[in-house]
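# Summary of structural features
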2 protein chains.
Amino acid sequence: MTPPIKDLKSRVRIAAVTRTMATKTTSLNFENINQKVVAAKYAVRGELAVKSEVYRQQLVHGTGDLPFDKVISANIGNPQQLDQKPITFFRQVTSLLENPQLLQHEEVLEKSLGYKSDAIDRAKFLLKSVQSVGAYSASAGVPAIRQSVARFLEERDGYPADPNHIYLSAGASSGVNTLLSIICADKNSGVLVPIPQYPLYTASLSVLDAHCVPYLLDEHKSWGTDLAVIKQSYEEAKSKGIDTRAIVVINPGNPTGASLTEADIRNVINFAADEGLVIIADEVYQTNVFVGKFHSFKQVLSQMMEEHPGRYEHVELASLHSISKGMVGECGHRGGYFELVGFDPSVEAEIYKFVSIMLCAPVIGQCLVELMVNPPKPGDPSFPQYKQEYDSIFKGLRERARALHSAFSQMEGVECGEPQGSMYLFPTITIPQKAIDAAAAEGRQPDEFYAMRLLDATGVCVVAGSGFGQKPGTWHFRTTFLAPGTEWVDRIVKFHQEFMDEFR
Amino acid sequence: MTPPIKDLKSRVRIAAVTRTMATKTTSLNFENINQKVVAAKYAVRGELAVKSEVYRQQLVHGTGDLPFDKVISANIGNPQQLDQKPITFFRQVTSLLENPQLLQHEEVLEKSLGYKSDAIDRAKFLLKSVQSVGAYSASAGVPAIRQSVARFLEERDGYPADPNHIYLSAGASSGVNTLLSIICADKNSGVLVPIPQYPLYTASLSVLDAHCVPYLLDEHKSWGTDLAVIKQSYEEAKSKGIDTRAIVVINPGNPTGASLTEADIRNVINFAADEGLVIIADEVYQTNVFVGKFHSFKQVLSQMMEEHPGRYEHVELASLHSISKGMVGECGHRGGYFELVGFDPSVEAEIYKFVSIMLCAPVIGQCLVELMVNPPKPGDPSFPQYKQEYDSIFKGLRERARALHSAFSQMEGVECGEPQGSMYLFPTITIPQKAIDAAAAEGRQPDEFYAMRLLDATGVCVVAGSGFGQKPGTWHFRTTFLAPGTEWVDRIVKFHQEFMDEFR
């Protein structure tokens with residue numbers, strides 16, 4: 001029945017011709033598909049990102065006449081696409097999980113290939129727990145890995161954690177999707193979201209047809225949360241009849257890089273406790289902290305419960321973490337978890353059902369969660385190399401952040417707070433009126449216009465502030481500080497001067 | 001700030017006490033969360049599956065007094081949890097992708113560890129394409145892998161395939177979720193779904209608040225599609241004002257194991273072309289075919305387009321495949337793809353945006369897609385072993401299917417068609433009235449009652465037919481034929497006899 005493959009070329013031609021002979025149109029079109037998806041915005045991988053990929057292909061194939069020889073993807077926190085190397089210990093273990101037959105050659109592994117005994121032992125432990133990384137795990141994740149996460153949380157916070165309330169997920173994004181899908185009951189439901197924010201939140205709320213109740217972060221206080229502003233947003237939403245059910249906090253911040261103080265966190269918890277709001281604490285950048293100290297919502301809430309027995313026990317907290325960021329940077333493996341505190345068992349049962357429909361998180365990603373929360377300890381054979389690699393990544397990120405910050409501080413009309421954490425800087429830019437007019441003529445926001453010009457001139461891809469939301473009348477862009485070297489930073493500085501000169 | 005970890009035990013006690021002091025209740029409860037999620041049913045990992053895990057733990061810890069010494073998870077198509085071994089070539093490549101440092105020791109790999117040169121070459125090719133398996137890929141997947149999928153489809157079908165319309169996904173489930181999320185516009189939208197069906201479809205439609213428009217498969221015609229029945233369902237839905245937009249076909253069938261004839265497929269395509277329905281062809285079991293031949297919807301549609309130029313060009317087809325099933329069986333890695341044919345570009349742009357919100361499919365799973373569609377070929381160093389492993393898995397599945405079928409054919413009141421494909425048998429069972437009454441007293445469907453009794457008595461976990469939908473008044477269960485040996489089959493036979501004796 002199958003025609004020989006040599007007919008394929010003529011079939012390509014025939015298909016192209018017959019396609020034009022269609023007598024009917026497709027049944028799905030832009031107007032009749034799910035308009036909640038159409039309304040969702042996700043600039044991080046939007047027009048700029050797509051154009052940057054076109055440029056990258058043109059450079060590979062030597063087509064196009066571009067004024068740069070390299071595309072720099074500073075639009076997305078993708079450490080291993082740029083300079084960050086995976087942690088050796090982690091990848092040694094995952095290689096053994098992928099090919100357990102290697103464990104029949106321990107001597108070769110240790111003597112010729114640089115594996116230490118603790119990497120081999122860990123692989124054996126994980127293989128015993130998962131059977132095969134090619135098998136589905138339990139819906140909420142491998143039980144032994146959930147236990148490791150609980151132990152990690154207990155050591156991090158000094159308070160008990162229960163593996164039964166820990167859910168392994170395909171990155172934090174999948175966890176956020178699960179939580180919002182359960183929390184948002186109908187189009188009347190609302191969720192408080194910081195502005196600027198990582199657009200996963202607004203996009204997911206749009207798809208769920210629920211309200212984003214935005215609260216502005218305070219750029220002049222290092223992008224901290226301002227309780228008065230949160231209250232005002234909440235009250236405004238209430239007066240419109242919106243049933244606000246949860247508050248999202250991203251700490252350290254994305255795109256802002258801010259690291260919240262304990263006082264800010266206490267304020268949010270008190271507010272959530274008073275108003276009966278679920279707290280969604282997005283803590284995926286918890287190890288990317290350069291200034292001050294990371295305070296987990298779980299720890300602060302636990303402290304408050306200890307200080308005032310009976311007052312916070314009804315608070316529902318979901319906190320998320322991921323293998324994608326930090327010194328781990330394994331975003332391609334799609335691993336993460338969320339911990340639930342204080343949720344009603346019947347609600348947790350529905351969360352379990354929801355995650356089970358998608359079967360389970362990728363098992364090798366789950367194993368990387370285990371490695372992240374339970375890395376080599378002092379005294380372990382792999383510890384010295386692990387420590388050296390981890391520290392070197394941390395220092396590298398801090399140095400790049402500072403170099404980029406220093407470049408921004410010299411640019412005309414650009415203001416940028418000191419880098420505190422995460423992988424991003426989010427400078428304010430002053431855009432001249434002439435540029436604002438030129439942007440309007442193209443139907444773009446001024447900062448989108450700026451970012452597009454930057455990409456066209458330098459090959460550096462950033463995300464315009466309007467992709468995250470910002471205070472009306474202010475303009476920003478988000479750039480990662482993951483790309484190595486300073487040459488690309490120089491390109492930005494030069495572009496900016498020319499842009500200002502052109503439109504001043 | 002952090003209290004020392006030695007305080008943890010007392011804190012566990014304190015937490016338990018203060019929890020009882022809560023003055024307010026949680027804000028989320030079973031009544032006020034998203035009722036569309038509450039309404040969703042997903043029996044494959046439901047009560048029976050949860051209970052089977054409890055039994056498994058009791059056996060591990062020696063607690064409980066169970067009449068069996070092993071739990072058999074025949075409820076879920078999870079090949080590597082049971083007897084199926086991963087394909088060596090695939091896992092050699094993925095181990096190198098996880099630890100590229102191994103590529104500095106090619107001689108050791110080849111001389112001491114059994115890697116052939118083609119495994120090493122493939123790993124190098126994939127690493128060049130993905131940079132690192134720890135980095136996010138492009139949203140629709142790694143371009144080189146999408147090209148491999150297109151070549152595979154061209155070779156399989158003899159018709160052109162365009163990599164730009166191929167989307168790599170986290171298993172087929174994630175692809176189905178994407179497609180239904182785009183297609184279903186509002187609560188008026190409907191999708192034709194075969195009954196019995198894999199409950200992902202009804203669960204997803206429930207979450208999307210869209211209508212499942214069920215059409216019964218014909219058990220007496222080997223669970224084939226019956227066009228008259230489909231039309232009747234469609235018309236009935238229309239008369240209720242439902243805007244039916246798509247038809248799902250699972251081929252080979254889940255849970256039925258049926259393999260559709262080309263004539264059945266042509267009928268569905270003609271119907272979809274006439275009524276303007278999107279075809280969702282779930283073809284994840286395409287290599288699990290024991291009887292007859294797998295016909296892809298893409299090939300049959302392409303043939304029909306060739307035969308009648310102008311008549312089928314408006315047809316929209318989405319076909320899905322996965323690394324989870326077949327002789328690959330890598331479900332824990334969450335990999336798959338869907339190909340779109342005939343979709344409007346503006347609709348595809350929304351599909352792209354939707355998948356980009358979740359960033360990308362797990363990259364190591366994407367690489368396994370590449371390995372599945374582009375395995376070793378005759379003449380390649382790894383081919384003999386690949387071929388031997390692949391054929392042996394295929395034969396093993398067929399033998400087990402036949403053995404199980406033969407056991408069912410001897411059981412009182414049980415009818416089961418000859419195994420044709422997929423990983424399941426779906427026998428009809430006759431349940432005595434006394435058992436139906438006993439089930440009703442427990443608030444259960446009769447087949448759920450049967451499956452629960454089976455689990456309690458034998459440790460064999462199956463899924464009741466009501467979890468998939470079935471013709472009213474008929475009862476079934478679905479079992480995989482993945483578990484090795486025949487001892488568990490004997491347990492089923494013995495249980496069945498006792499059940500019938502008890503309730504006759």
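- Chain A is annotated in an unreviewed UniProt entry as Glutamate pyruvate transaminase of Thielaviopsis punctulata.
- The UniProt entry for chain A carries the following comment under Cofactor (unreviewed entry): "pyridoxal 5'-phosphate".
- Quoted verbatim from the Subunit (unreviewed entry) heading of the UniProt record, the comment on chain A is "Homodimer."

### A few points about the overall build of chain A
- Check the secondary structure of chain A and you find 18 helices and 14 strands.
- In terms of C-alpha radius of gyration, chain A reaches 25 Å, essentially the compact-globule figure of 23 Å for 504 residues.
- Counting only C-alpha atoms and orienting by the principal axes, one finds that chain A spans roughly 70 × 60 × 55 Å.
- Split into buried and exposed, the 504 residues of chain A put 61% on the buried side.
- A fraction of 73% describes how many contacts in chain A between residues 6 or more apart in sequence connect residues 24 or more apart.
- Accessible surface computed for chain A: about 18500 Å², of which carbon and sulfur atoms make up 53%.

### Quick word on the packing of helix α3 (residues 47-61) of chain A against helix α17 (residues 446-458) of chain A
All names here are of chain A.
- Direction vectors running N to C along α3 and α17 enclose 10°, while the axes themselves pass 11 Å from each other. Overall, the two elements α3 and α17 adopt an arrangement that is roughly parallel. Here Glu47, Leu48, Lys51, Ser52 and Tyr55 of α3 come into contact with α17, specifically with Ala451, Met452, Leu455 and Asp456.
- Of the residues in the contact of α3 with α17, the class split is 5 nonpolar, 1 polar and 3 charged.

### Here we look at the layout of surface pockets
- Estimated volume of the second largest pocket: approximately 1600 Å³.
- Along the walls of the second largest pocket sit 49 residues, with Glu53, Arg56 and Gln57 of chain A together with Ala138 and Pro143 of chain B positioned nearest its centre.
- A total of 10 residues in the lining of the second largest pocket trace back to one element, the largest contributor, which is α3 of chain A.
- Residues of the lining of the second largest pocket, tallied by class, amount to 26 nonpolar, 14 polar and 9 charged.

### Brief notes about the interface of chain A and chain B
- Listed per partner, the contact involves 125 residues of chain A and 124 residues of chain B.
- Carbon and sulfur atoms supply 58% of the area that chain A and chain B bury against each other, a total of about 10200 Å² over both sides.
- Here glutamate 98 of chain A ties to arginine 91 of chain B by a salt bridge, and the two come within 3.9 Å at their closest N and O atoms.
- Linking chain A with chain B are 48 residue pairs in polar contact (both at pLDDT 80 or more).

### A closer look at the packing of aromatic side chains
- Scanning the model with the defined rule gives 40 aromatic pairs over all chains in all.
- Between phenylalanine 90 of chain B and tyrosine 386 of chain B the ring centres are 6.1 Å apart and the planes differ by 35°, which places this aromatic pair in the tilted class. With phenylalanine 90 of chain B in helix α4 (residues 88-98) and tyrosine 386 of chain B in helix α15 (residues 383-409), the pair connects residues that are 296 residues apart, well separated along the chain.
- Phenylalanine 90 of chain B gets classed as buried once you look at its relative accessible area, which sits at 1%.
- Judged by centre distance (5.7 Å) and plane angle (90°), the ring pair of phenylalanine 426 of chain B and phenylalanine 468 of chain B falls under edge-to-face. Of this pair, phenylalanine 426 of chain B sits in the loop between β10 (424-425) and β11 (428-429) while phenylalanine 468 of chain B sits in the loop between β13 (463-464) and β14 (475-480), and the two are 42 residues apart along the sequence.
- With relative accessibility at 2%, the residue phenylalanine 426 of chain B sits in the buried group.
- The class of phenylalanine 468 of chain B is buried, set by a relative accessible area of 1%.
- Grouping aromatic residues by their ring pairs yields a cluster made of Phe408, Phe449, Tyr450, Phe477, Phe495, Phe499 and Phe503 of chain A.
- Lying over the aromatic face of tyrosine 424 of chain A, arginine 478 of chain A brings its terminal NZ or CZ to 3.9 Å of the ring centre.

### Description of the sheet that holds strand β5 (residues 243-250) of chain A
Residues and elements named next belong to chain A.
- Taken in spatial order, the 7 strands make up an open sheet running β2-β8-β7-β6-β5-β3-β4, and their pairing is mixed. Of all the strands in the sheet, the pair left with one neighbour each is β2 (166-169) and β4 (211-216). Strand-to-strand twist of the sheet, defined as the mean angle between neighbouring strand axes without regard to direction, takes the value 20°.
- Bridge count between β2 and strand β8 (residues 336-341): 4 bridges; the pairing is antiparallel. Of the residues in β8, the one forming a bridge with serine 169 is glycine 336.
- Contacting β2, β7 (317-322) and β8, helix α7 (residues 143-157) crosses the sheet at an angle of about 115° to β2.
- Contacts from helix α11 (residues 262-275) reach β3 (189-195), β5 and β6 (278-282) within the one sheet, and its direction differs from that of β5 by about 165°.

### Remarks on the pattern of salt bridges
- Throughout the structure, instances matching the rule amount to 44 salt bridges over all chains.
- The network of salt bridges with shared partners includes Glu47, Glu442 and Arg444 of chain A.

### Some points on the domain arrangement of chain A
Residue and element names in this part refer to chain A.
- Each domain of chain A was delimited in the assignment, giving domain 1 (38-82 + 388-503) and domain 2 (136-374).
- Measuring from the centre of the C-alpha atoms in domain 1 to the corresponding centre in domain 2 gives 28 Å.
- Each side of the interface is counted separately: domain 1 has 33 residues, and domain 2 has 35 residues.
- Summed over both sides, the interface between domain 1 and domain 2 buries roughly 2800 Å², with carbon and sulfur atoms accounting for 60% of that surface.
- Interface area lost by domain 1 to domain 2 is led by Gln420, Ser422 and Phe468, which between them contribute 23%.

### A look at the sheet that holds strand β5 (residues 243-250) of chain B
Residue and element names in this part refer to chain B.
- Ordered by their spatial adjacency, 7 strands build an open sheet running β2-β8-β7-β6-β5-β3-β4, and the pairing between neighbours is mixed. Only two strands of the sheet have a single neighbouring strand rather than two, namely β2 (166-169) and β4 (211-216). Ignoring strand direction, the axes of neighbouring strands in this sheet form an average angle of 20°.
- Sheet topology note: the strand β7 (residues 317-322)/strand β8 (residues 336-341) ladder contains 6 bridges and is antiparallel. The residue of β8 that forms the bridge with serine 319 is glutamate 339.
- Contacting β2, β7 and β8, helix α14 (residues 363-373) runs over the sheet at an angle of about 70° to β8.

### A look at α11 of chain A
Residues and elements named next belong to chain A.
- Along its 14 residues, α11 runs 20 Å from first to last C-alpha, staying within 8% of the 20 Å computed at 1.5 Å per residue.
- Burial in α11 covers these residues: Glu262, Asp264, Ile265, Val268, Ile269, Phe271, Ala272 and Ala273.
- On its buried side, α11 packs onto β3, α10 (227-239), β5, β6 and α12 (297-307).
- Positive phi appears at glycine 276, one or two residues downstream of α11, with a value of about 70°.

### Topic: the side chain of serine 319 of chain A
Residues and elements named next belong to chain A.
- Counting through the fold element by element, serine 319 comes out in strand β7.
- Relative accessible area serves as the criterion here: at 4%, serine 319 is assigned to the buried category.
- Excluding anything up to four places from it in sequence, serine 319 contacts Ala281, Glu283, Tyr337, Phe338 and Glu339.

### Concerning the pairing of β5 of chain A
All names here are of chain A.
- The element β5 is largely enclosed, with a buried count of 7 among its 8 residues.
- When β3 meets β5, the two strands line up parallel, connected through 4 bridges. Its bridge partner lying in β5, glycine 190 is registered against threonine 244.
- Looking at chain direction, β5 and β6 are connected through 5 bridges and run parallel. From the neighbouring strand, isoleucine 250 faces β6, where its bridge partner is aspartate 282.
- Handedness of the crossover is the feature at issue here: the chain leaves β5, passes through α11, returns alongside β6, and the resulting connection is right-handed.

### Side note on the environment of alanine 438 of chain B
Residues and elements named next belong to chain B.
- In this fold, alanine 438 is placed in helix α16 (residues 433-441).
- Judged by relative accessible area, alanine 438 falls into the partly exposed class, the value being 23%.
- Taking C-alpha positions, alanine 438 is 49 Å from arginine 91, a pair spaced 347 residues apart along the chain.
- Setting aside residues up to four positions removed in sequence, alanine 438 forms contacts with Phe449 and Phe503.

### Notes on the relation of the copies chain A and chain B
- Each copy of the sequence occupies a distinct position, and chain A is placed on chain B by a rotation of 180° and an axial shift of 0.0 Å, giving an RMSD of 0.0 Å. Put plainly, the chains are arranged around a two-fold axis. Taking C-alpha positions as the reference, the residue of chain A nearest the rotation axis is serine 95 of chain A, at 2.1 Å.
- Taken together, the interface assignments show that 99% of the residues at the interface of chain A recur at the interface of chain B, consistent with an identical surface on both copies.

Thresholds, definitions, all that
Residues numbered from 1 in each chain as written. Chains lettered and ligands numbered in written order. Predicted model: local features only at pLDDT ≥ 70, side-chain atom pairs only at ≥ 80, totals over all residues. Heavy atoms only, no water. UniProt positions renumbered as here; feature names shortened; annotations may be inferred. Helix = DSSP H or I, 4+ residues; strand = E, 2+ residues; numbered from the N terminus. Rg over C-alpha atoms; globule rule 2.2 N^0.38 Å. Buried < 20%, exposed > 50% of the residue type's maximum accessible area, 1.4 Å probe, protein only. Contact = heavy atoms within 4.5 Å. Areas by Shrake-Rupley, 256 points an atom, 1.4 Å probe, with all protein chains shown as cover. Axes fitted to C-alpha atoms, helices over the stretch in contact; angles between N-to-C directions. Parallel < 35°, antiparallel > 145°, perpendicular 65-115°, else oblique. Nonpolar A, V, L, I, M, F, W, Y, C, P; charged D, E, K, R; others polar. 1 Å grid on protein atoms, 1.4 Å probe; cavity = no way out; pocket = protein on both sides within 12 Å on 5 of 7 lines; lining within 4 Å. Points joined across faces, edges and corners; volume = space filled by probe spheres on them. Buried area = accessible area lost by both parts, 1.4 Å probe. Salt bridge = Lys/Arg side-chain N within 4 Å of Asp/Glu carboxyl O. Polar contact = N/O pair within 3.5 Å; in protein donor to acceptor, adjacent residues only side chain to side chain. Phe/Tyr/Trp six-rings, centres within 6.5 Å; stacked < 30°, edge-to-face > 60°. Lys NZ or Arg CZ within 6 Å of the ring centre and 35° of its normal. Pairing = 2+ DSSP bridges. Domains from an automatic or database assignment. Expected span 1.5 Å × (residues − 1). Right-handed = clockwise from strand over helix to strand, strands pointing away. Least-squares fit on C-alpha atoms with pLDDT ≥ 70 in both.

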